Amino acid sequence: MASRVQLPSQLVESAQAFTDGGREPAEPRNAATVVLMRPGSEGPEVYLLRRQTSMAFAGGMCVFPGGGVDPRDFDHAIAWAGPSPQEWAARLGTDEATARALVCAAVRETFEESGVLLAGESADTVVADTTGEDWETDRAALEARELALTEFLDRRGLVLRTDLLGVWAAWLTPVFEPRRYRTWFFVADLPEGQRTRDVSTESDQVTWLPAMQAVADVEDQQLLMLPPTYLTCLEVGQYADPADVLDAAHDRSVEMFMPEVEQSDEGSTLSIPPRFETLLATRP
């Protein structure tokens with residue numbers, strides 16, 4: 001079984017101070033991240049970015065495309081295909097406005113950090129190529145917060161393809177972290193004709209890896225990942241291809257999970273959702 005990372009004593013002491021009420025936790029920010037997948041000979045492959053080591057949160061860690069919700073993700077309604085904001089609210093466990101903003105953030109962050117856009121000219125089409133200079137200009141403007149996603153889609157006459165997304169999980173950063181996020185994990189297949197590009201200013205390296213290879217690389221200390229990213233790769237890697245992952249996500253709804261410090265004979269570790277215990281037990 002893959003062992004969990006033992007927490008250093010100073011972190012355990014810090015966590016206890018929050019539990020005892022001696023310290024006030026930081027207010028979490030809403031965020032969205034997308035497990036972008038493509039078929040591979042060893043199961044689903046996932047797109048990973050290694051964050052710049054200078055980043056204040058998760059520096060040096062391999063992550064999926066994602067980031068915080070922009071206030072403008074709450075802007076006016078846009079052309080929308082797929083489950084309604086009301087349906088997304090039920091799946092995500094939020095109100096409609098927040099659900100719509102989270103879906104918009106998921107699509108925007110994926111485009112900003114990979115060049116992949118989950119939108120099309122109609123409800124049953126998807127943009128085939130986003131590699132031109134005009135697309136890159138808009139992508140950079142979105143990343144710099146000089147352009148809102150709603151304005152970008154309106155101007156180009158595009159429909160947000162929310163049906164290309166599935167919801168997978170929801171994680172809340174532990175109370176002892178100075179920067180905290182409520183992060184909803186989505187899954188999506190790489191649209192036909194599109195390709196990822198190394199464009200994000202927040203990463204210094206990008207790669208496609210079979211999900212289970214990413215798991216093995218973390219266990220061999222070749223990659224660094226936060227537990228939610230590692231466990232998501234492990235879970236996605238149980239499926240034969242991205243279509244199966246999306247089928248599993250079709251009717252899924254999620255509840256926010258916050259890891260807490262657990263004590264055992266082996267030391268202190270962070271708790272994980274119960275469904276991962278069996279998966280971890282299969283690891284060597």
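Look a little higher up for the structure.
The next thing to look at is helix H7 (residues 227-236). Burial within H7 is extensive, with 9 of its 10 residues counted as buried. Of all the positions in H7, only Pro-228, Thr-229, Tyr-230, Leu-231, Thr-232, Cys-233, Leu-234, Glu-235 and Val-236 are classed as buried.

With that out of the way, let us pick up the sheet that holds strand S6 (residues 119-120). In spatial order, the strands read S5-S7-S6; together these 3 strands make up an open sheet with mixed pairing. Edge strands, defined here as strands with exactly one partner in the open sheet, are strand S5 (80-81) and S6. The sheet contact formed by S6 and strand S7 (residues 159-161) spans 2 bridges and is antiparallel. Bridge pairing in S7 links Ala-119 to Leu-160.

All right, on to the nonpolar core then. Ranked by size, the top nonpolar core spans 44 residues in total, and within it Leu-117, Phe-152, Leu-165 and Phe-186 carry the most contacts. Going through the elements one at a time, strand S1 (29-38), strand S2 (45-51), helix H2 (85-92), helix H3 (96-114), helix H4 (133-143), helix H5 (149-156), strand S8 (165-172) and strand S9 (181-189) are the ones with two or more residues in this core. If one sorts the elements of this core by residue count, H3 sits on top with 9 residues. Residues contacting Phe-152, with those up to four places away along its chain left out, are Phe-111, Leu-117, Trp-135, Asp-138, Leu-142 and Leu-147. Val-46, Tyr-230, Ala-249 and Phe-276 belong to the second largest nonpolar core, which has 29 residues in total.

A side chain with one charge can pair with a side chain of the opposite charge if their charged atoms come near. A full pass over the atoms with the stated rule returns 18 salt bridges. Between Arg-145 and Asp-70 there is a salt bridge whose closest N-O contact spans 3.1 Å. Of the two residues, Arg-145 is situated in the loop between H4 and H5 and Asp-70 in the loop between strand S4 (66-68) and S5; the sequence distance between them amounts to 75 residues. In this structure, Arg-283 engages Glu-219 in a salt bridge whose closest nitrogen and oxygen atoms are separated by 2.9 Å. Taken as a pair, Arg-283 in the segment after helix H9 (275-281) and Glu-219 in helix H6 (residues 211-219) lie far apart in primary sequence, 64 residues in all.

Mapping Asp-73 onto the fold places it in the loop between S4 and S5. The residues touching Asp-73, leaving out its near neighbours within four places in the chain, are Arg-100, Ala-101, Cys-104, Ala-105, Arg-108 and Leu-149.

For the rest of this paragraph, the subject is H5. Leu-149, Thr-150, Phe-152 and Leu-153 are the residues of H5 that are buried. All buried residues of H5 fall inside an arc of 165 degrees around its axis, so they share one side. In this fold, the buried residues of H5 make contact with H3, S6, H4 and S7. Trailing H5 by a residue or two, Gly-157 shows a phi angle of about 65 degrees, which is positive.

For Arg-180, the location among the structural elements is in the loop between S8 and S9. Residue Arg-180 is classed as buried on the basis of its relative accessible area, which comes to 7%. In the structure, Arg-180 is positioned 151 residues away from Arg-29 in sequence and 6.4 Å away in space, judged by C-alpha atoms. Here Ala-26 takes part through its backbone oxygen, which lies 2.9 Å from a polar atom of the side chain of Arg-180. From its side chain, Arg-180 meets the backbone oxygen of Thr-173 in a polar contact 2.9 Å long.

Located in the positive-phi region is Arg-145, a residue other than glycine, with phi close to 65 degrees. Assessed through its relative accessible area of 31%, Arg-145 is described here as partly exposed. Within the chain, Gln-221 stands out as a residue other than glycine whose phi angle is a positive 65 degrees. Using a relative accessible area of 71% as the deciding quantity, one classes Gln-221 as exposed.

Under the counting rule described, the total for this entry stands at 0 disulfides. Cys-62 takes part in no disulfide bond, and the closest cysteine sulfur to it belongs to Cys-233, at a distance of 9.1 Å.

This next bit is on the side chain of Arg-91. Structurally, Arg-91 is set in helix H2. Within the local environment of Arg-91, its side chain forms a polar contact with the backbone oxygen of His-250, the two atoms lying 3.5 Å apart. If sequence neighbours within four positions are ignored, Arg-91 has contacts with Pro-83, Val-167, His-250, Arg-252, Ser-253 and Val-254.

Our focus in this paragraph is the pairing of S9. Most of S9 is tucked away, with 7 of its 9 residues classed as buried. Of the strand pairs in this sheet, S1 and S9 are connected by 9 bridges, and their pairing is parallel. Each bridged residue has a counterpart across the sheet, and for Ala-32 the counterpart in S9 is Trp-184. Pairing analysis gives 7 bridges linking S8 to S9, with the strands arranged antiparallel. Across the sheet, residue Gly-166 finds its bridge partner in S9, namely Val-187.

Definitions and limits used
Residues numbered from 1 in each chain as written. Predicted model: local features only at pLDDT ≥ 70, side-chain atom pairs only at ≥ 80, totals over all residues. Heavy atoms only, no water. Buried < 20%, exposed > 50% of the residue type's maximum accessible area, 1.4 Å probe, protein only. Helix = DSSP H or I, 4+ residues; strand = E, 2+ residues; numbered from the N terminus. Pairing = 2+ DSSP bridges. Core = buried A, V, L, I, M, F, W, Y, C linked by side-chain atoms within 4.5 Å. Contact = heavy atoms within 4.5 Å. Salt bridge = Lys/Arg side-chain N within 4 Å of Asp/Glu carboxyl O. Arc of directions from axis to C-beta. Polar contact = N/O pair within 3.5 Å; in protein donor to acceptor, adjacent residues only side chain to side chain. Disulfide = S-S within 2.5 Å.

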